[in-house]
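# Coordinate inspection notes
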Amino acid sequence: MKITSRKNQLVVQSRGLLREKRLRDEEGLFAVEGVKLCLEALSAGITPKWALVSETAAEKFVEAVREIEQSCAVTVVSDDLYDYLSEQKTPQGIFLAGQILDKSVNLDRILSSGKILLLDCVQDSGNLGAMLRTAEALGIGGVILGDGCADVWSPKTLRASMGSAFRLPACAVDMAGAVKTVKEKGFAVYAAMLDDTAQRLGSFAFPEKSAVVIGNEGHGVSAEVAGLCQKVYIPIQGAESLNAAAAAAILCWEMSK
């Protein structure tokens, strides 16, 4: 049976999950599109609730649809209807709704690692996703997100993370409190910022247990958090500053050495 109506409840709910954080929080569900990300979610152990595929996708991605069907019900919708519910300009035609993981349980896992990335009010979903992807790729043990950070489960974050959001330990807590806890566990904590007391990146070696704080795209690390940390800066020429995700990548690389 093919769905063609925009008023269909499954379509309404699916479209809402792609667009509204409030709805994702209330229902404990996230939404993801595209063959690769949907399969990444399944392979990471995400519990799927339902899937929607366009008529064209059902014919084009037969093997992927079969794999998804082993985990949840798959409903076919018309191509026009899929275009309506999708957030993407040129969608592949595959949608999956999954159970949001309770990442609050991850703090102990993160603290048992050697390297941590802390994000102080990083608000751009693309930046957040890129940081999660980079952190996983460079062996960072986990990511702690402070108040005001973008939604880990937004479609843009999930796309930018390329599946890392499903796998990398992460938790959202008060940032100042997190820094204090991390320090109590023996980590050296550095805030990435331009400051007279900041150490030049490359002039020292990060300790075995290290954590770096990346601040807000416009305002940097908050004064409260910065006051709890050592300072480190990335030497650059020409440009006034680096994109937050680029800075995080450089610092994660240095920590991983």
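The structure this text deals with has already been given above.
These remarks concern the structure in this document. (Residues numbered from 1 in each chain as written. Predicted model: local features only at pLDDT ≥ 70, side-chain atom pairs only at ≥ 80, totals over all residues. Heavy atoms only, no water.)

## Some words on the overall build of the protein
- Across its full length, the protein holds 13 helices and 12 strands.
- In summary, the protein has a C-alpha radius of gyration of 20 Å against a globular reference of 18 Å for 257 residues, a match within 12%.
- Along the first, second and third principal axes, the C-alpha atoms of the protein reach 65 × 40 × 30 Å.
- When each of the 257 residues of the protein is scored for burial, the buried share is 51%.
- Sequence separation of 24 or more characterises 78% of the internal contacts of the protein that already satisfy a separation of 6 or more.
- For the protein, the accessible area works out to roughly 12,200 Å², and carbon and sulfur atoms hold 48% of it. (Helix = DSSP H or I, 4+ residues; strand = E, 2+ residues; numbered from the N terminus. Rg over C-alpha atoms; globule rule 2.2 N^0.38 Å. Buried < 20%, exposed > 50% of the residue type's maximum accessible area, 1.4 Å probe, protein only. Contact = heavy atoms within 4.5 Å. Areas by Shrake-Rupley, 256 points an atom, 1.4 Å probe, with all protein chains shown as cover.)

## A word on helix H1 (residues 9-19)
- Turning to H1, its buried residues are Val 11, Gln 13, Ser 14, Gly 16, Leu 17 and Leu 18.
- A distance of 2.9 Å separates the backbone nitrogen of Leu 10 from a side-chain oxygen at the start of H1, and that oxygen is part of Asn 8. (Polar contact = N/O pair within 3.5 Å; in protein donor to acceptor, adjacent residues only side chain to side chain.)

## Topic: the sheet that holds strand E4 (residues 74-77)
- In spatial order, the strands read E1-E4-E3-E5-E2; together these 5 strands make up an open sheet with mixed pairing. Looking at which strands have only one partner, the edges of the open sheet turn out to be strand E1 (2-3) and strand E2 (29-33).
- Inspection of the sheet shows E2 paired to strand E5 (residues 94-99) by 5 bridges, in the antiparallel sense. For Phe 30, the partnering residue across the bridge sits in E5 and is Gly 98.
- Each of E2, strand E3 (48-54) and E5 is contacted by helix H3 (residues 35-43), which is oriented at about 25 degrees to E5, the strand it contacts most. (Pairing = 2+ DSSP bridges. Axes fitted to C-alpha atoms, helices over the stretch in contact; angles between N-to-C directions.)

## Examining the packing of aromatic side chains
- Tallied over the full model, the rule gives 6 aromatic pairs.
- For the pair Tyr 190 and Phe 206, a centre-to-centre distance of 5.1 Å together with 85 degrees between the ring planes defines the contact as edge-to-face. Of this pair, Tyr 190 sits in strand E9 (residues 188-192) while Phe 206 sits in the loop between strand E10 (199-200) and strand E11 (210-214), placing them 16 residues apart in sequence. Each member of the pair, Tyr 190 together with Phe 206, is buried.
- Judged by its relative accessible area of 11%, Phe 206 falls in the buried class. (Phe/Tyr/Trp six-rings, centres within 6.5 Å; stacked < 30°, edge-to-face > 60°.)

## Some points on the pattern of salt bridges
- Summed over the entire model, instances satisfying the criterion amount to 10 salt bridges.
- Residue Arg 66 pairs with Glu 63 through a salt bridge whose shortest N-O separation is 3.0 Å. Here the residue Arg 66 and the residue Glu 63 both occupy positions in helix H5 (residues 62-69), the gap between them amounting to 3 residues, near one helical turn.
- A residue is classified by how much of its surface remains accessible, and Arg 66, at 46% relative accessible area, is partly exposed.
- Classification of Glu 63 as exposed rests on a relative accessible area of 56%.
- One salt bridge in this structure joins Arg 167 and Glu 136, with 2.8 Å as the shortest N-O distance. Placement of Arg 167 in helix H10 (residues 164-167) and of Glu 136 in helix H8 (residues 125-137) is noted, with a sequence separation of 31 residues between them.
- What makes Arg 167 partly exposed here is its relative accessible area of 35%.
- On the accessibility criterion, Glu 136 (28% relative accessible area) is partly exposed.
- A single network of salt bridges, built from pairs that share partners, joins Lys 36, Glu 40, Glu 136 and Arg 167. (Salt bridge = Lys/Arg side-chain N within 4 Å of Asp/Glu carboxyl O.)

## Notes on the environment of Lys 60
- Within the secondary structure, Lys 60 sits in helix H4 (residues 55-60).
- Spatially, the C-alpha atom of Lys 60 lies 9.6 Å from that of Gly 93, the residues being 33 residues apart in sequence.

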